[in-house]
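# Per-entry structural report
Next come the chains, spelled out residue by residue.
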Amino acid sequence: MSTLITGIGELTTHDPAHPGGRLHDAAVVIEDGRVAWTGPAADAPAADESYDAEGRAALPGWVDSHTHLVFAGDRTAEFEARMAGESYAAGGINVTVEATRAASDAELERGLVRHLEESYDGGTTTLETKTGYGLTVTDERRSALIAARHVDEVTFLGAHVVPAGSDREAYLDLVTGEMLDAVADIVSAVDVFCETGAFDETETRRILEAAGARGLATHVHGNQLGHGPGVRLAVEYGSLSVDHLGFLTDADVDLLAGSATVATVLPACDLSTRMPLAPARQLVDAGAHLAIATNANPGTSYTSSMGFAVATAVLQMRLTVAEAVRAATHGGARALGRHLDRPGKPRVGELTVGARADLQILDAPSVTHLAYRPGMPLTRAVWHAGVRVRG
């Protein structure tokens, strides 16, 4: 079954063959779950069925490369206190850990699905989520299993914090040993919170090396609460991404610009924690690979709206709309290693021939409206792997 989407006023493809990665008065053909053709609407081949975008903008579905969506409980009080002037510290995670451990599998799965539905409503078609709110062997494995039933990429974040009441060295042994082994057959990557109040440089190295020994990709939460070794370690160990990045030196920026490690910025989190916005403009100007993600989680960024993150990146971080859209699609794919075809996993984040047919249509003539009309629900229709799932 093939589908022709025609009448596209502005099509963002990220195909270098198209000026600026865009086409106007364009069409897309989807076949067998992948993009089969893009080009001028007047030249579009026939297909089994068609959809008329009526002059609206089309672009790849969002790739949300950093979320924490397997959780229970509520941290409204923490948010309210932060808005009243209290500072954010990593230890608030333990509140969610307690609630998550007490929740049933069914409760955790219902919560995950509810948040995923919100994401899909807003045009997200590829999503990563992390474990990290169980912090026992049993709870981390069940979190990974629940996530794997619903999301594209699952990341192990046993190295979120040392749980309350645990011996630090014994917990590190667990995270790099039995706990990691319990999830290694489920997850595709390992993350570590390299930060004051979480894990220091020596501990982070130990965790990254344990992941590498098991053939797993890595990510680093780094440079969120202050200057630190997160960027340096992520680049040294060839991590797919280093995320947060509110506190960067010029040397950190240069390291990222000279590496394949993606700089993932999380603007909704920066706003919610009242921390400095990551220097996205400086990173792009230096030539670093940039991704934008929501960091959807109950404590510091309780939103799954990629549209909000994109608008904030334009209005507050001084990216152009095209740069922000690319970071939230192709950049997110690169941060997950999904910008290249993998066995059973076609590339995402772009509308090029052979890519997974993940596409959203905006109720607007141009992607510029994402920042021009911030906060408005602009997603009109969504295709995921060639299937129309919204609109």
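We now turn to the structure provided with this report. Please read all numbers here as calculations on a predicted model, not as lab measurements.

### Quick look at helix α13 (residues 321-335)
- With 15 residues, α13 extends 20 Å from end C-alpha to end C-alpha; this agrees with the ideal 21 Å at 1.5 Å per step.
- For α13, a buried count of eleven out of 15 residues is recorded, marking the element as mostly surrounded by other parts of the structure.
- Burial in α13 covers these residues: V321, A324, V325, A327, A328, T329, H330, G331, G332, A333 and A335.
- Looking one or two residues beyond α13, the residue adopting positive phi is G337, at roughly 70°.

### Structural notes on the sheet that holds strand β7 (residues 124-130)
- Across the sheet, which stays open at both edges, the eight strands sit in the order β6-β7-β8-β9-β10-β11-β12-β13 with parallel pairing between neighbours. With partners counted over all chains shown, the strands left at the sheet margins are β6 (62-64) and β13 (290-292), one partner each. Strand-to-strand, the axes of this sheet are offset by a mean angle of 25°, without reference to chain direction.
- The pairing of β6 with β7 spans three bridges and is classified as parallel. Of the residues in β7, the one forming a bridge with W62 is T124.
- On top of the sheet, helix α12 (residues 306-315) reaches β6, β7 and β13; it is set at about 95° to β6, its chief contact.

### Considering the pattern of salt bridges
- Taken as a whole and assessed by the stated rule, the structure comprises 31 salt bridges.
- Between R75 and E78 there is a salt bridge, and its shortest N-O distance comes to 2.8 Å.
- Its relative accessible area of 6% is what places R75 among the buried residues.
- Here D285 and R281 are joined by a salt bridge, their closest N and O atoms 2.9 Å apart. Taken as a pair, D285 and R281 lie in helix α11 (residues 280-286) at a separation of four residues, close to a single helical turn.

### A few points about the nonpolar core
- Counting 82 residues, the largest nonpolar core has F199, L245, L256, L283 and I292 as its most contacted members.
- Excluding residues that lie within four positions of it along the chain, F199 makes contacts with A159, H160, V161, V162, R168, Y171, L172, V192, F193, C194, T204 and I207.

### Here's the deal with a negative patch on the surface
- A cluster of like negative charges, contributed by E31, D32, D48 and E49, occupies part of the molecular surface.
- Turning to its location among the elements, D32 is positioned in the loop between β2 (22-31) and β3 (34-40).

### A word on the side chain of R142
- Its location among the elements puts R142 in helix α4 (residues 137-148).
- Overall, the relative accessible area of 13% leaves R142 in the buried class.
- Of the polar contacts made by the side chain of R142, one reaches the backbone oxygen of T100; its length is 2.8 Å.
- Apart from residues no more than four positions distant in its own chain, R142 is found in contact with T100, R101, A103, S104, D105 and L108.

### A word on the environment of R356
- Within the element layout of this structure, R356 appears in the loop between α13 and β14 (359-362).
- In this structure R356 comes out as buried when scored by relative accessible area, which is 10%.
- Spatially, the C-alpha atoms of R356 and L370 are 23 Å apart, while their sequence positions differ by 14 residues.
- Within the structure, the side chain of R356 is placed 3.5 Å from the side chain of H384, a separation counted as a polar contact.

### Side note on the pairing of strand β15 (residues 379-384)
- Sheet topology note: the β14/β15 ladder contains four bridges and is antiparallel. Bridge pairing in β15 places Q360 opposite V382.
- In this structure, β15 lies alongside strand β16 (residues 387-390), joined through three bridges in antiparallel fashion. Of the residues in β16, the one forming a bridge with H384 is V387.
- Count of turn residues in the β15/β16 antiparallel hairpin: two residues, of which A385 carries a positive phi of about 50°.

### Description of helix α3 (residues 105-121)
- Across its 17 residues, α3 extends 24 Å between first and last C-alpha, which sits within 8% of the 24 Å expected from 1.5 Å per residue.
- Among the residues making up α3, those that are buried are L108, E109, G111, L112, H115, L116, S119 and Y120.
- Of the surrounding secondary structure, the elements contacted by the buried residues of α3 are α2 (93-102), β7, α4, β15 and β16.
- Of the residues one or two after α3, G123 is the one with positive phi, at around 100°.

### Structural notes on the packing of aromatic side chains
- Applying the stated criterion across every chain yields a total of three aromatic pairs.
- Ring centres of F71 and Y133 lie 6.4 Å apart, and the angle between their planes is 75°; on these two criteria the pair is classed as edge-to-face. Of this pair, F71 sits in the loop between β6 and α1 (76-83) while Y133 sits in the loop between β7 and α4, and the two are 62 residues apart along the sequence.
- You can call F71 buried: its relative accessible area is 7%.
- For Y133, a relative accessible area of 2% translates into the label buried.
- An aromatic cluster is built from F71, Y133 and Y302, whose rings are joined through pairwise contacts.

### Quick notes on the environment of V70
- Its location among the elements puts V70 in the loop between β6 and α1.
- The exposure class of V70 is buried, given its relative accessible area of 2%.
- The sequence separation of V70 and F199 amounts to 129 residues, and the corresponding C-alpha distance is 22 Å.
- Contact partners of V70, with chain neighbours within four places excluded, come to T100, L108, L112, T129, Y133, S143 and A147.

Calculation rules
Residues numbered from 1 in each chain as written. Predicted model: local features only at pLDDT ≥ 70, side-chain atom pairs only at ≥ 80, totals over all residues. Heavy atoms only, no water. Helix = DSSP H or I, 4+ residues; strand = E, 2+ residues; numbered from the N terminus. Expected span 1.5 Å × (residues − 1). Buried < 20%, exposed > 50% of the residue type's maximum accessible area, 1.4 Å probe, protein only. Pairing = 2+ DSSP bridges. Axes fitted to C-alpha atoms, helices over the stretch in contact; angles between N-to-C directions. Contact = heavy atoms within 4.5 Å. Salt bridge = Lys/Arg side-chain N within 4 Å of Asp/Glu carboxyl O. Core = buried A, V, L, I, M, F, W, Y, C linked by side-chain atoms within 4.5 Å. Patch = residues over 30% accessible without salt bridge, like charges linked within 9 Å, V, L, I, M, F, W, Y side chains within 5 Å. Areas by Shrake-Rupley, 256 points an atom, 1.4 Å probe, with all protein chains shown as cover. Lys, Arg positive; Asp, Glu negative; His and termini not counted. Charge placed at Lys NZ, Arg CZ, Asp CG, Glu CD. Polar contact = N/O pair within 3.5 Å; in protein donor to acceptor, adjacent residues only side chain to side chain. Phe/Tyr/Trp six-rings, centres within 6.5 Å; stacked < 30°, edge-to-face > 60°.

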